[in-house]
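Per-entry structural report
Residues per chain, in single letters:
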Amino acid sequence: MAELSNAPAPSPETLVDIYRRMIRIERNDDAIRKTIRLGRLTMPYYSARGQEVIPSTVSAFLNNDDTICTIYRGIHDMVAKDMPLRPLWAEIAGRVDGTCKGKGGPMHLTHPETGVMVTTGIVGSSMPIANGLAWAALLDGSKRVTVAYFGDGASNIGAFHESLNLASVWKLPVIFVCQNNGFAEHTRYENGTGVDFISKRAAGYGMPGYTVDGNDPWAMYAAVHEAVARARDGEGPTLLECKTFRFMGHVFGDDDKYMTKEEKAEAIAKDPLPAFRARLIAEGHATEEQLAKMQADIEAEVEDAQEFGLASEFPSVDELRRDVFAEEIPA
Amino acid sequence: MSGKKMNALQAVNAALAKAMEQDPKVIVFGEDVADREGGGVTGATAGLSTRFGDDRVKSTPISEQAIIGAAIGAALGGYKPVAEIMLMNFTTVAMDMIFNHAAKLRFMSGGQSQVPITIRTLTGAGWQTAGQHADHLEGWFAHTAGIKVVAPSNPAEYYGLLLSCIQDPDPCIFIESAGTLFIPGEVPDDQAPIPLGKARVVQEGTDVTIVSWSSQLVRCQQALPALAEAGISVELVDLRTVSPWDKEAVLASAAKTGRVLIAHEAVRSFGPGAEIAATVNEELYGKLKAPVRRLGAPYSPVPFSKPLEDAYIVSPERVAEAVKGLMA
């Protein structure tokens, strides 16, 4: 694990902000799973329960115009980037008020106003496109950065290698954030990846790579601080391997046969969310009342978004002819 | 009206320069395209990096996925990227980026994302480059909703269609085909962008309509004198844009002549000719004087050996023969 001791300590406000993003992810995830179970939503769902710290800490460093490219398992990345929940819910329900008018769905949300530029359903494909967004920022002469989120499995696909190399050669302001939850779909890390740490692969492309405890907000804070500063200062890309665990398996309904009950129970016992909450209070960064109020507000937001999304209309079939090209296809 | 005589590659170069001059958001990149690397393997981008700077004209590693991914991302960031994929067979390495992303992001984002990229790519049989450097894959791309497929056949078209591709708000594949590259032609100084999706009637006629594009169009033109000599009045339609194709122009010509031949360099089986033939049959059933015919490459990879390669390409003689067959 990386020791990035020269990074400044996060302020109490930042810590609370990271927690706010985490609890927003968790409450929203909980509501989505409940709604699917009740049969009110029909969708493929990939819960990221357990991985909240990673995008929440990353997003604490991002401005609204900094962009992210994420993957079909990445609803937590979008919620962390403060995507509004009403259009999110309408989209996952396939409704016209969705971020994408219901034409992308839960694996493909896009919301440029909050910098969520691409959500790909193809493993590894967030990275080549993130490079282009980062290049545009360079050409604009701006300090914008782009984050490419992906999983440990994606580090074995060609797009990862091509993208890291190009980003290095062109010194692009991009941060490659690998959320290593130990499983590529159902395949255990060591059965599919020929190196003990994905961060070591950075050396092959001439960029810094760090392995970080992705469930520890302080460790994440130090690593993201370093990577974002590098990108904004024109020094190029960084690879962050953030170790974590997914509590709900690969896809909703997964029976987790490929992992042991013990390892899952052990990971859940170390759930970063209550642990972080307890430490925020214990160290005096926040009060019990403050966090309870925050949670209640977020629950109200989620409930409102759920009602809004499920009440929204389905799109007209004319939408099949729209947005194929800029110009509508004649009927 | 004055103009310049040039070949297709010079026309590409001139169009890129014009587009970059007019719009600072136009950027050009691909393997070896900058002057440090020789200005492109065909010289199509020669001089551009010197003139417009290394930021806007960049050579890339040999990484086709990364090239198209960078094009898509830069487009989402407000630029108009012109990415070169050296040879059309190499687009296969980037198919995820082209097919799953460039073509679909507008639709899948509900119209929020625009991907105005142009992918220039070289191909075509005739140079003995064999099965992995010469395929005409327009049918692949035409089968993907969300991509425009453009296939010019002469320098003025290269110039005018490339300008349109670059300005177009959607992704375009621009095919530069071996059989068209070195035939000089006049490009008017004020050559305007040529609208996408619009065919051109190369020669008017009343007996038979030939629909073709790219290198095969050139070989169809070469068949015209023999057909004129045989007393057959041929209407030759240069489709120019394979997708979306100009149905109106093709159907108007087919309705006039009642006989249609579609000729392309792409493999005949499941090729674009089948789509056009089926549409002509659906729209003009009962009005045709002969069944629609198709010519294309055999169901075979492009071969190396010269006699095999010659047989692979649909010659002007075979075009003439097919037209005569339609008249029989």
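Structure: see above.
Residues numbered from 1 in each chain as written. Chains lettered and ligands numbered in written order. Predicted model: local features only at pLDDT ≥ 70, side-chain atom pairs only at ≥ 80, totals over all residues.

1. Considerations on the overall build of chain B
Tallying secondary structure elements over chain B gives 12 helices and 14 strands in all. Computed over its C-alpha atoms, the radius of gyration of chain B comes to 19 Å, within 12% of the 20 Å expected for a compact globule of 328 residues. Taken along the three principal axes of its C-alpha coordinates, chain B extends 60 × 45 × 45 Å. Across the 328 residues in chain B, those meeting the buried criterion constitute 56%. Sequence separation of at least 24 residues holds for 79% of the intrachain contacts in chain B that already meet a minimum separation of 6. (Helix = DSSP H or I, 4+ residues; strand = E, 2+ residues; numbered from the N terminus. Rg over C-alpha atoms; globule rule 2.2 N^0.38 Å. Buried ≥ 20, exposed ≤ 12 C-beta atoms within 10 Å, placed from the backbone. Contact = placed C-beta atoms within 7 Å.)

2. Structural notes on the environment of Pro171(B)
Residue and element names in this part refer to chain B. By the element assignment, Pro-171 lies in the loop between α7 (155-167) and β7 (172-177). Take Pro-171: there are 32 C-beta atoms within 10 Å of it, and that puts it in the buried class. In sequence terms Pro-171 and Ala-102 are 69 residues apart; their C-alpha atoms lie 6.5 Å from each other.

3. Comments concerning the nonpolar core
Membership of the largest hydrophobic core comes to 191 residues, with the highest contact counts inside it found for Val177(A) and Leu240(A). Residues from two domains meet in this core; each of domain 1 (3-188) and domain 2 (200-327) of chain B gives at least three. Excluding residues within four positions of it along the chain, Leu240(A) makes contact with Ile175(A), Phe176(A), Val177(A), Cys178(A), Tyr210(A), Val212(A), Ala223(A) and Ala227(A). (Core = buried A, V, L, I, M, F, W, Y, C linked by C-beta atoms within 7 Å. Domains from an automatic or database assignment.)

4. Concerning the interface of chain A and chain B
Tallying the contact residues gives 34 residues for chain A and 33 residues for chain B. Where the side of chain A that touches chain B is concerned, the elements lending two or more residues are β2 (116-120), α5 (126-140) and α6 (158-169) of chain A. No other element matches the 10 residues that α5(A) contributes to the side of chain A that touches chain B. Classifying every residue of the side of chain A that touches chain B by side-chain character gives 19 nonpolar, 10 polar and 5 charged. (Nonpolar A, V, L, I, M, F, W, Y, C, P; charged D, E, K, R; others polar.)

5. Focus on α5(A)
Between its first and last C-alpha, α5(A) extends 21 Å over 15 residues, near the 21 Å set by a 1.5 Å rise per residue. Positive backbone phi, at 70°, marks Gly141(A), one or two positions downstream of α5(A). (Expected span 1.5 Å × (residues − 1).)

6. A closer look at unusual backbone geometry
Residues and elements named next belong to chain B. Following Ser-243, the chain continues to Pro-244 via a peptide bond in cis, the omega torsion being -5°. You can see Pro-244 is positioned in the loop between β12 (241-243) and α9 (247-257). One non-glycine residue, Gln-128, lies in positive phi territory at about 50°. Residue placement: Gln-128 occurs in the loop between β5 (118-123) and α6 (138-142).

7. Section: the pairing of strand β8 (residues 185-188) of chain B
All names here are of chain B. Here β8 shows a clear split, with Gly-185 and Val-187 buried on one side and none of Glu-186 and Pro-188 buried on the other. Alignment of strand β1 (residues 3-6) against β8, held across 4 bridges, turns out to be antiparallel. Looking across to β8, one finds that Lys-4 is bridged to Val-187. (Pairing = 2+ DSSP bridges.)

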